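So you can see what is in the structure, the chains are spelled out below.
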Amino acid sequence: MADNNQSFEDFLKKKKKSHRAKWIAAGVVLTFFIALIAVSADWVISALVHTRKEVTVPDLTKKPVTQALDMLATSNLALKQAGVEFAQSVPPGSVLRQIPSAGSTVREGRVIRVWISQGDEMVFVPNTVGSDLRAAQLAVRQAGLVVEKVDNAYSVTYEKGLIVSQSPKADSMVQKGGKVSLVLSNGAPPASVILVPNFKSKKLAEATLWASSQNINLIIKEDKNSVFPNGSIASQRPEADSQISPEGNLEVVVSRRAINDEEKSYHLHYEMPQGKNASRVRVTLEDATGDREILNETKQPGSKIDLEIPYSGRATVRVFTDGILVREREVE
């Protein structure tokens, strides 16, 4: 009886070994076929690649992207944008450089990487008016621009040694590396030279009195849509510090805006902080009629700004110096 049991156990052990051997054999066969498929696939891909025709990479530089795509398509090549860069000599949207380089031999289907030009780099012209020459030159250089020349002129607005005007004007956009011309103040003019004062935002009576004392013809025009208070000067021609001859013409535009029953007036008084350089001052008004600019001028350190600002409904008056908000006042 014991022999029978032992024979049965031996039979089960042989059965398990047989199953294990079959699984091992199947695994070996499967691994062999996977390896064979991988080798075959690699061989096929390699064969396909190496059977592709060799072509010469065309020169894509300075070509618009659309034209570059057409050129590559004829050679069964592809394009990929690798980046964008500023370039003065290459128009915006054109190829600046490429990899592989023009004339290289590659197989069809190769991807050509290109860098696209953004054209000239543009920068803002700094405000140098009211600054001394050294500070003005430094500001121009820091902006990536070059001082082309420095002229001299008399001024009733800026003391000797300060910048009276510049070209291009402040905040305009120009090509990096561009040139800026400066005009340096020689101070107040001699008695024989007449310079026009700044009458903007002043009362008409002030311009009338000055024109009469200097024997200047005053031409008065009116603007019913002006944002300035009724009776104040909105603009003038020639501009402040322009030289004018006796019996010459000074044209001023006076605000004659209609005053409705709901319109009020806010008196803005602001004193410029003490310092070395002048600052660009902007005064804006936001009321029921929308947003508008009341003043945008360069002011000397310590100078005072007094404006009568008409507004409707609830309004907000903001004062900016060199682009920084320094005062905000809500009025009703």
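So, how was this worked out
Residues numbered from 1 in each chain as written. Predicted model: local features only at pLDDT ≥ 70, side-chain atom pairs only at ≥ 80, totals over all residues. Heavy atoms only, no water. Core = buried A, V, L, I, M, F, W, Y, C linked by side-chain atoms within 4.5 Å. Buried < 20%, exposed > 50% of the residue type's maximum accessible area, 1.4 Å probe, protein only. Helix = DSSP H or I, 4+ residues; strand = E, 2+ residues; numbered from the N terminus. Contact = heavy atoms within 4.5 Å. Phe/Tyr/Trp six-rings, centres within 6.5 Å; stacked < 30°, edge-to-face > 60°. Lys NZ or Arg CZ within 6 Å of the ring centre and 35° of its normal. pLDDT = per-residue confidence, 0-100. Arc of directions from axis to C-beta. Pairing = 2+ DSSP bridges. Axes fitted to C-alpha atoms, helices over the stretch in contact; angles between N-to-C directions.

Caption draft 1: Highlighting the nonpolar core. With 17 residues, the main nonpolar core has L268, V283, L285, I305, L307 and I309 as its most contacted residues. Mapped by element, the contributors of at least two residues to this core are β14 (263–271), β15 (279–287), β16 (290–299), β17 (304–312) and β18 (315–321). Ranked by residues supplied to this core, first place goes to β17 with four residues. Dropping the residues within four chain positions of it, V283 is found in contact with L268, R292, E293, I294, L295, L307, I309, V317, R318 and V319. Ranked by size, the runner-up nonpolar core spans 13 residues in total, among them L204, A211, I216 and L250.

Caption draft 2: Here's a closer look at the packing of aromatic side chains. Scanning all chains against the criterion turns up one aromatic pair. Looking at R282, its charged tip hangs above the ring of F320, at a distance of 5.5 Å from the centre.

Caption draft 3: Highlighting the confidence of the model for the chain. Summarising the model, the chain shows a mean pLDDT of 84, and 84% of its residues fall at 70 or more. Across the chain, the secondary-structure element scoring lowest on mean pLDDT is helix α1 (residues 2–51), at 56, and the one scoring highest is strand β10 (residues 179–185), at 95.

Caption draft 4: Looking closely at helix α4 (residues 204–213). When we look at burial in α4, the residues that qualify are L204, A207, W210 and A211. Relative to the axis of α4, the buried residues are bounded by an arc of 130° and lie together on one face. Structural note: α4 exposes A205, L209, S212 and S213 on the side pointing more than 90 degrees away from its buried face. On its buried side, α4 packs onto β11 (217–223), β12 (233–237) and β13 (249–255).

Caption draft 5: Summary view of the sheet that holds strand β8 (residues 163–167). The three strands are arranged β7-β10-β8 in an open sheet whose pairing can be described as mixed. Both outer strands of the open sheet, β7 (146–153) and β8, are each paired with one neighbouring strand and no more. If you compare each strand with its neighbour and ignore which way they point, the axes differ by 20° on average.

Caption draft 6: Representation of unusual backbone geometry. The omega torsion of the bond from S167 to P168 falls at 0°, within 30 degrees of zero and hence cis. With respect to the helices and strands, the residue P168 is situated in the loop between β8 and β9 (173–175). For N215, which is not glycine, the phi dihedral falls at a positive 60°. Mapping N215 onto the fold places it in the loop between α4 and β11. With a phi angle near 70°, E247 is a residue other than glycine that sits in the positive phi range. Note on placement: E247 falls in the loop between β12 and β13. Look at E247 and you get exposed, because its relative accessible area is 57%.

Caption draft 7: Focus on the sheet that holds β13. Taken together, the three strands give an open sheet; going across it, the order is β11-β13-β12, and neighbouring strands pair in mixed fashion. Where the open sheet ends on each side, the last strands, each with one partner, are β11 and β12. For this sheet the average axis-to-axis angle between neighbouring strands, irrespective of direction, equals 20°. In terms of strand pairing, β12 meets β13 through four bridges, oriented antiparallel. What sits directly across from Q236, in β13, is V252. Sheet strands in contact with α4 are β11, β12 and β13, and its direction is about 160° off that of β11.

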